[in-house]
Amino acid sequence: MDNDGKLSISSGMSANAFQDSHYTFRSLTKSANTLSVKVFLIVVFLILAGCKPSIERIESDTKTSIQETLDSDKKYSKYGMQVDSVSVVMEEGNRYKGIAYISLEEAQYPIAITVISDGEKLIWSAGPGQFAFLVQHEWRKVQAAITENLKIKQSDRDSLEWVVQIATLSNRDAAERLVSDLAKTGHKAYIITSEGFNRVFVGPMARRGEADLLRNQIKLQHKLNGFVVIYKDDK
């Protein structure tokens, strides 16, 4: 304090210098607080990132979950399908979208899936119509069965023999005379007697078409209207 009673600043520090020093201190404090907030946010982010499951884990867990469903659900278990692989990408938050590749017999089918996972629980779903290939698979089985059945029937048909039934006579002598007449034109005829009737046949022939031609030939030669039937060796 000077002689006039006024306060003076000593030690060589002016009032302006004191104010500048105080402002610098407040700036340093504010910067320290901002840095602390940033560090805190980074730590929280790292913690949250560490809690979120990796894409590889989600793909593996999804593959296991889908396979369990295919093995246990009655709609799917009868087909014996296998999950070959799963590929997903993050959509938003804990929601993912991707594709599961499923094998059925010798074919592989991709199905679009949606996955929700928080690292502990996982839920997956397939879009509408993703398993429509099962309907096609069933239809192919039906077609294969039909084709195989037709092959069997064709095989049976190919193994058949055919004859031309010329006449049915009650008189045995008349039937024998007819056989003799047919033999004169080179036809191999025979008689089958059943329930008092004598049926005269010509053949057998290996193919139905050949039997049809034989019937037409006999009609021209002997004026007899025969008809083609399956050969039965019961002479």
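The structure contained in this document is the topic of the report that follows. (Residues numbered from 1 in each chain as written. Predicted model: local features only at pLDDT ≥ 70, side-chain atom pairs only at ≥ 80, totals over all residues. Heavy atoms only, no water.)

Looking at unusual backbone geometry
Okay, so step 1: A cis amide bond links Gly203 with the next residue in sequence, Pro204, at an omega value of 5°.
Okay, so step 2: Checked against the element boundaries, Pro204 lands in strand 7 (residues 197-205).
Okay, so step 3: Even without a glycine there, the phi angle at Glu105 is positive, about 55°.
Okay, so step 4: Mapped onto the elements, Glu105 comes out in the loop between strand 2 (95-104) and strand 3 (107-117). (Helix = DSSP H or I, 4+ residues; strand = E, 2+ residues; numbered from the N terminus.)

Digging into helix 5 (residues 172-184)
Okay, so step 1: Taking 1.5 Å as the rise per residue, helix 5 with 13 residues should run 18 Å; its terminal C-alpha atoms sit 19 Å apart, in good agreement.
Okay, so step 2: If you follow the buried residues of helix 5, they end up packed against strand 5 (162-169), strand 6 (189-194), strand 7 and helix 6 (208-222).
Okay, so step 3: Capping the start of helix 5, Asn171 holds a side-chain oxygen 2.9 Å from the backbone nitrogen of Asp173, two or three residues further along.
Okay, so step 4: After helix 5 finishes, the residue Gly186 shows a positive phi value of roughly 85°. (Expected span 1.5 Å × (residues − 1). Contact = heavy atoms within 4.5 Å. Polar contact = N/O pair within 3.5 Å; in protein donor to acceptor, adjacent residues only side chain to side chain.)

What about the sheet that holds strand 1 (residues 82-92)?
Okay, so step 1: Judged by pairing direction, the sheet is antiparallel, and its four strands sit side by side in the order 1-2-3-4 without closing on themselves. Two strands in the sheet have a free side with no partner beyond their single neighbour: strand 1 and strand 4 (122-126). On average, adjacent strands in this sheet sit at an angle of 30° to one another, irrespective of strand direction.
Okay, so step 2: Relative to strand 4, strand 3 is paired through five bridges, and the arrangement is antiparallel. If you follow Ile116 over to strand 4, its bridge partner there is Ile123.
Okay, so step 3: Contacts from helix 2 (residues 55-72) reach strand 1, strand 2, strand 3 and strand 4 within the one sheet, and its direction differs from that of strand 1 by about 130°. (Pairing = 2+ DSSP bridges. Axes fitted to C-alpha atoms, helices over the stretch in contact; angles between N-to-C directions.)

A word on the pattern of salt bridges
Okay, so step 1: Following the criterion strictly, the structure yields six salt bridges and no others.
Okay, so step 2: For Glu91, the salt bridge goes to Arg95, with nearest N and O atoms at 3.0 Å.
Okay, so step 3: Among the residues examined, Glu91 registers a relative accessible area of 41% and is labelled partly exposed.
Okay, so step 4: Its relative accessible area of 34% is what places Arg95 among the partly exposed residues.
Okay, so step 5: Salt bridges here are not isolated pairs; linked through shared partners, they connect Arg208, Asp212 and Arg215. (Salt bridge = Lys/Arg side-chain N within 4 Å of Asp/Glu carboxyl O. Buried < 20%, exposed > 50% of the residue type's maximum accessible area, 1.4 Å probe, protein only.)

A few points about the sheet that holds strand 8 (residues 227-230)
Okay, so step 1: With respect to topology, four strands assemble into an open sheet ordered 6-7-5-8, the strand pairing being antiparallel. If you trace the sheet from one side to the other, it starts and ends with strand 6 and strand 8, each paired once. When the angles between neighbouring strand axes are averaged without regard to direction, this sheet yields 40°.
Okay, so step 2: Packed on one face of the sheet, helix 5 meets strand 5, strand 6 and strand 7 and runs near 160° to strand 6.
Okay, so step 3: Against the sheet, helix 6 engages strand 5, strand 7 and strand 8, with an angle of about 35° to strand 5.

A look at the side chain of Gln67
Okay, so step 1: Here Gln67 is to be found in helix 2.
Okay, so step 2: If we skip the residues at most four places from it in the chain, Gln67 touches Met81, Gln82 and Val83.

Some remarks on the packing of aromatic side chains
Okay, so step 1: In the structure shown here, the tally under the stated rule is four aromatic pairs.
Okay, so step 2: For the ring pair Tyr76 and Phe131, a centre distance of 4.8 Å and an interplane angle of 35° mean the geometry is tilted. Highlighted residues: Tyr76 in helix 3 (residues 74-77) and Phe131 in the loop between strand 4 and helix 4 (133-158), separated in sequence by 55 residues.
Okay, so step 3: Tyr76 gets classed as buried once you look at its relative accessible area, which sits at 15%.
Okay, so step 4: For Phe131, a relative accessible area of 15% puts it in the buried group.
Okay, so step 5: An angle of 35° between the planes, with centres 5.8 Å apart, marks the rings of Phe131 and Phe133 as tilted. Taken individually, Phe131 and Phe133 each receive the classification buried, so the pair is uniform in this respect.
Okay, so step 6: A network of ring pairs unites the aromatic residues Tyr76, Tyr109, Phe131 and Phe133 as a single cluster.
Okay, so step 7: If you follow Arg208 out to its NZ or CZ, it ends over the ring of Trp162, 5.3 Å from the centre. (Phe/Tyr/Trp six-rings, centres within 6.5 Å; stacked < 30°, edge-to-face > 60°. Lys NZ or Arg CZ within 6 Å of the ring centre and 35° of its normal.)

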